[in-house]
Amino acid sequence: MDFDNLVSSGRQELRRGTVVLACLLLLRQPGYGYGLLDRLRDLGFTVDANTLYPLLRRLEGQGMLASEWNTEEARPRKFYRTSPDGERLAAALLADWERVDASIRHLGDGEPR
Amino acid sequence: MSNIIDRYVWGVLRAVPHRQRPELEPEIRALIGDAVESRLAAGADPATVERVALTELGDPERLAARYTEQPLYLIGPRHFPDYRRLLYILLPIVVPAVAFLVVLTEALRGAAPLEVAASAAGAAVSAAMHVSLWVTLGFAILDRSSWRVPASAWTPDLLPDLPGPASVSKVEFAFTLAVNLQVIVLLVSLVVDERGRALLDPVAWTWLPWFIGVAVAEIAFTVALLLVGRWTWVLAVINALLGAAFAVPAIWLIGERRLLSAEVLAEIERVTDGAWFGPSMTITAVVIGAIVAWDVLHGFLRARRSGGIGSALPTSPVSTSGRP
């Protein structure tokens, strides 16, 4: 495996766990599946459609997201929004993310360049 | 809605429990619709846009499995080590046992040697398939069951023993030496006092020097094994050749009724009414074959063990424990 492959697989590992948090944060503003996929990709998350949609549905089943069908537009779309429980989960994960970030930064700063 | 989208939606739904279908269908259609629409807005070719969107969503069965959180494997990592351990324990016991029983019953039935071998091979294959199938099926069900059976807990007590540096035991050496010396004494005494001529069939009589030679060679081999200190591939091959040198003529003599002289056979038949002499000879031949086959296999297994892990370990167990 060459270096570029190592970088991309390491990056994928790093981001895998962050997709849930990113969804919970993004869906404070209601959004639908495909739109969310687009925005995640614009933000640099490489997530597959067939991974994201089942993930949204799982989070909904766990009560972290609320959903509602919007039938006002030409085609009906299922809109998701982060629920109060989802907000609490997002806050907990965000705090953890910040701790990890601080630790990693600390390690990075201690390293001579 | 065009045909391939309907087919895709059906491909997902049919892999999903009935009660989830009505809920899931509009959702999947909506996200396919969004994907198609946004690609058209970006200037994609209307003729191929649906295909591209569906290709991006991927295999419908995979999507359905993600929705229903069903595993896409037969036996998952939680139970796989137990599964493999059980197969490794069962197969080496069940398959040879079945083969042995088939050889025994077929030989007692008086089947031809080739027929016996074919039946045994067939039974061994079908025993291996049965064990594999039922163990695999059992673990696959266990893996999918809702009771979430925990994998057996691992403790350091389960660690395998290290193969010792000298894997030839002195007890084994003494045993082989004693058995072969007795065989030599017996056979030589048969030759020396001419008792053998009356006892043995003329054909078996001519084979006596051969068997004495094989027994001497066995002793030489055992000494060599003790000197080398461990089984090697060369020693395992020599062991197999010696085993064949004994078993093939011995089984042939028994099978062809060329072991004992006509007088002795008549005497035995008179005493026993001839009822169980044939079967007992057959059993003897099968047991000889089984013991020699096991011995040959054992030699190769030991050679693999001492050549494999034993030499791969850089230091002895005592010295590895203390140092970093």
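What comes next is a walk through the structure.

Analysis parameters
- Within every chain, residues take consecutive numbers counted from 1 along the sequence as written.
- Each chain is given a letter, starting from A, and each ligand a number, starting from 1, according to the order in which they appear as written.
- Totals for whole chains, interfaces and linings use every residue, but because this is a predicted model, local features are given only for residues with pLDDT of at least 70 and side-chain atom pairs only at 80 or more, for both listing and counting.
- Processing note: side-chain calculations cover all non-hydrogen atoms of the structure and skip hydrogens and water entirely.
- Secondary structure elements follow DSSP: runs of H or I of four or more residues count as helices, runs of E of two or more count as strands, with numbering from the N terminus.
- The buried label applies to any residue whose accessible area, calculated with a 1.4 Å probe on protein chains only, is under 20% of its type's maximum; exposed applies above 50%, and partly exposed to all values in between.
- Pairs of residues are marked as contacts when any of their non-hydrogen atoms sit within 4.5 Å.
- Residue-level accessible areas treat just the shown protein chains as cover; the underlying method is Shrake-Rupley with a 1.4 Å probe.
- Here a Phe, Tyr or Trp ring, Trp counted by its six-membered ring, pairs with any other such ring whose centre lies within 6.5 Å, and the pair is stacked when the planes are under 30 degrees apart, edge-to-face when over 60, and tilted otherwise.
- Put simply, a salt bridge is a Lys or Arg side-chain nitrogen that is within 4 Å of an Asp or Glu carboxyl oxygen.
- Any two strands between which DSSP finds at least two bridges are classified as paired.
- Note on geometry: axes are lines fitted to C-alpha atoms, helical ones only across the stretch in contact, with angles between N-to-C directions running from 0 to 180 degrees.

On to the overall build of chain B, then. Helices and strands together make up the secondary structure of chain B, namely 13 helices and zero strands. The helix and strand sequence of chain B, counted from the amino end, reads α-α-α-α-α-α-α-α-α-α-α-α-α. The proportion of buried residues among the 324 residues of chain B is 33%. Across chain B, the fraction of contacts at a sequence separation of at least 24, relative to all contacts at a separation of at least 6, is 74%. Accessible surface, chain B: about 20,100 Å² in total, of which carbon and sulfur atoms supply 69%.

Right, let's get into the packing of aromatic side chains. One pass over the structure, following the stated rule, counts eight aromatic pairs over all chains. Where Tyr32(A) meets Phe79(A), the ring centres are 5.4 Å apart and the plane angle is 55°; that geometry is what we call tilted. With Tyr32(A) in strand E1 (residues 31-32) and Phe79(A) in strand E3 (residues 77-82), the pair connects residues that are 47 residues apart, well separated along the chain. Clustering of aromatic rings is evident, with ring pairs tying together Trp207(B), Trp210(B), Phe211(B) and Phe246(B).

All right, on to the pattern of salt bridges then. Taken as a whole and assessed by the stated rule, the structure comprises 20 salt bridges over all chains. Across the pair Arg57(A) and Glu23(B) runs a salt bridge, and its minimum N-O distance is 3.3 Å. Taken as a pair, Arg57(A) in helix H4 (residues 49-61) and Glu23(B) in helix H2 (residues 21-41) lie in two separate chains rather than in one. When the shortest N-O distance is used, the salt bridge between Asp96(A) and Arg99(A) registers 3.0 Å. Placement of the pair is Asp96(A) and Arg99(A) together in helix H5 (residues 84-110), with a separation of three residues, close to one helical turn. Under the relative-accessibility criterion, Arg99(A) is labelled exposed at 52%.

All names here are of chain A. In space, the three strands of this open sheet follow the order E1-E3-E2, with antiparallel pairing throughout. This sheet does not close on itself; its edge strands, each paired only once, are E1 and strand E2 (65-70). In this structure, E1 lies alongside E3, joined through two bridges in antiparallel fashion. Opposite Tyr32, over in E3, you have Phe79 as the bridge partner. Contacting E2 and E3, H4 crosses the sheet at an angle of about 55° to E3.

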